[in-house]
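Examining the three-dimensional arrangement
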Amino acid sequence: MDSNRQEVDVLVLGAGVSGLMAARALQQAGRRVGVVDKGRGVGGRLATRRIGDATFDHGAPCFSTGEASDGLRSVWHHLAGSVTEWGSEDVDGAGRRPCWRGVPTMSAVAKRLADGLEVHTEVQIASLGLDAGRWVATAVSGRVFVAETVVATPPVPQTLALLEAGGFVLADGHRTRLAAIGYDRCLTVMAVLENPSLVPPPGSLSPVAGPIERITDNRLKGISAVPAVTLHATPGFSLEHWDLDRLESGRILLEAATPWLGSAVRTWQIHGWRYGRPRAPLACRHLLAHASPALVVAGDAFGGPGVDAAAGSGAAAAAAILSGR
Ligand SMILES: Cc1cc2nc3c(=O)[nH]c(=O)nc-3n(C[C@H](O)[C@H](O)[C@H](O)COP(=O)(O)OP(=O)(O)OC[C@H]3O[C@@H](n4cnc5c(N)ncnc54)[C@H](O)[C@@H]3O)c2cc1C
């Protein structure tokens, strides 16, 4: 057997919440499923970083679930112990809903969803194309995955690039719809503080003006042993500063956060999310981009833009595959 070549019924690209939800449902239905992700661990934008004794959720800080949610609520029992309530937020002016955070961190939610799945991390797919009636995904390392069906959950521009590299031409209508999906970027500063910040409990604050969209106190949130804040920049600031000196952009954000820090900064890092959140998600929960062999495109760009929608999209993609729609 060629150890560099693997055959599965369904290949799921991406071990973020949407890919993991799709993979769980398909595996439970008896399909042989492989999940690949270029990251060192699972989670995608459910991301956690450590700097010394400090712990930061530097992707989504939390999520809320809609009343009619078919996302994470469908596996709520499975997530017991790995999520806890953390404040509330106004969802699209429809009233306040509880927010949930991962226990101990947001990436733990993804780890729990990945339980029992065959996940290949640190595998970056370079191209996705058709060969002899099956999908062939080729990794940068040369490793090859062959599948009857693919669920593609990377941010949509990344999926389109993989298909282009694989020489696969989407039907015009699909291409136009997918190519129109844009994402807001997000520059994110993780700062370890000398003393506790001035952010009030439960540890999240959204300034009304300035370059910061949200400040999260990770110690108040209950995930960091030492004072540590995450600063998420606004989409406007992030776009404007994307190609500029990152250290300088970080300094500007730290300066803007001064009124809520109330402490000297011990050390800090900055991360850029090129695909932070989709700007204009499609109303549909997934897109059947090719019927046979099936290619289903899913993720938070479908019914998005948040964690719960991504989960719902993954679940809907799996349901569509299982029902042959
Ligand atoms: C800063 C920030 C703040 C946010 N705040 C909130 C919030 O408050 N509430 C909320 O609900 N949501 C929030 N979100 C959005 C939320 O995180 C996402 O909607 C959700 O996590 C998306 O999940 P996904 O599975 O669709 O995509 P992702 O999590 O992006 O998963 C896609 C996966 O595909 C992998 N991948 C990409 N290309 C390849 C390749 N070539 N080969 C292999 N693997 C590949 C990536 O590594 C990634 O793991 C926030 C996001 C960010 C970045």
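Residues numbered from 1 in each chain as written. Predicted model: local features only at pLDDT ≥ 70, side-chain atom pairs only at ≥ 80, totals over all residues.

Splitting the protein by domain gives domain 1 (5-182 + 279-323) and domain 2 (184-278). Taking only C-alpha atoms into account, the centre of domain 1 sits 26 Å from that of domain 2. Counting residues at the interface gives 25 residues for domain 1, matched by 23 residues for domain 2. Tallying contributions element by element places strand S4 (residues 54-57) first for the side of domain 1 that touches domain 2, with 4 residues. Taken together, the residues that form the side of domain 1 that touches domain 2 break down as 12 nonpolar, 6 polar and 7 charged. (Domains from an automatic or database assignment. Contact = placed C-beta atoms within 7 Å. Helix = DSSP H or I, 4+ residues; strand = E, 2+ residues; numbered from the N terminus. Nonpolar A, V, L, I, M, F, W, Y, C, P; charged D, E, K, R; others polar.)

Of all 8 residues that make up helix H3 (residues 106-113), 6 are buried, and the element is covered over most of its length. Buried residues along H3 sit against helix H1 (17-28), strand S3 (48-51), S4, helix H2 (76-79), strand S6 (83-90) and strand S7 (96-102). (Buried ≥ 20, exposed ≤ 12 C-beta atoms within 10 Å, placed from the backbone.)

Remark: H1 packs on helix H9 (residues 307-323), axes separated minimally by 7 Å, with the N-to-C direction vectors making an angle of 35°. Like other packed secondary-structure pairs, H1 and H9 cross with a definite hand, here right-handed. Of H9, the residues touching H1 (which contributes Val17, Ser18, Gly19, Leu20, Met21, Ala22, Ala25 and Leu26) are Val307, Ala310, Ala311, Ser313, Gly314, Ala315, Ala317, Ala318, Ala319 and Ile321. Residues of the contact of H1 with H9, tallied by class, amount to 14 nonpolar, 4 polar and no charged. (Axes fitted to C-alpha atoms, helices over the stretch in contact; angles between N-to-C directions. Left-handed = near helix turned anticlockwise from the far one by under 90°.)

This part is about the site of the ligand. Around the ligand, the surrounding shell holds 40 residues, and the nearest of these are Gly14, Gly16, Gly44, Pro154 and Gly306. Of all the elements in the fold, those that place two or more residues in the shell around the ligand are H1, helix H4 (156-165), strand S12 (183-193), strand S16 (265-278) and H9. Looking at the shell around the ligand, its residues break down into 18 nonpolar, 16 polar and 6 charged. (Near = placed C-beta within 6 Å.)

So, on to the sheet that holds S16. Adjacent strands of a sheet form backbone hydrogen bonds with each other and so pair up, either parallel or antiparallel. Reading across from one edge, S13-S14-S15-S12-S16 is the order of the 5 strands in this open sheet, with antiparallel pairing throughout. The sheet terminates laterally at strand S13 (204-205) and S16, the two strands that pair on one side only. Direction of pairing for S12 relative to strand S15 (residues 228-233): antiparallel, over a ladder of 5 bridges. Paired with Met190 across the two strands is Thr230, which belongs to S15. (Pairing = 2+ DSSP bridges.)

On to the sheet that holds S6, then. Taking strand neighbours across the sheet as the criterion, the 3 strands line up as S5-S7-S6 in an open arrangement whose pairing is antiparallel. Each having just a single partner strand, strand S5 (63-64) and S6 make up the two edges of the open sheet. The sheet strands contacting H3 are S6 and S7, and the helix crosses S7 at an angle near 75°.

It is worth spelling out helix H7 (residues 246-256) at this point. Those residues of H7 that fall on the buried side of the exposure criterion are Ser249, Gly250 and Leu253. Seen from one end, H7 has its buried residues packed into an arc of 100°, which puts them on one side. Looking at H7, the residues exposed on the side facing more than 90 degrees away from the buried face are Leu247, Glu248 and Glu255. (Arc of directions from axis to C-beta.)

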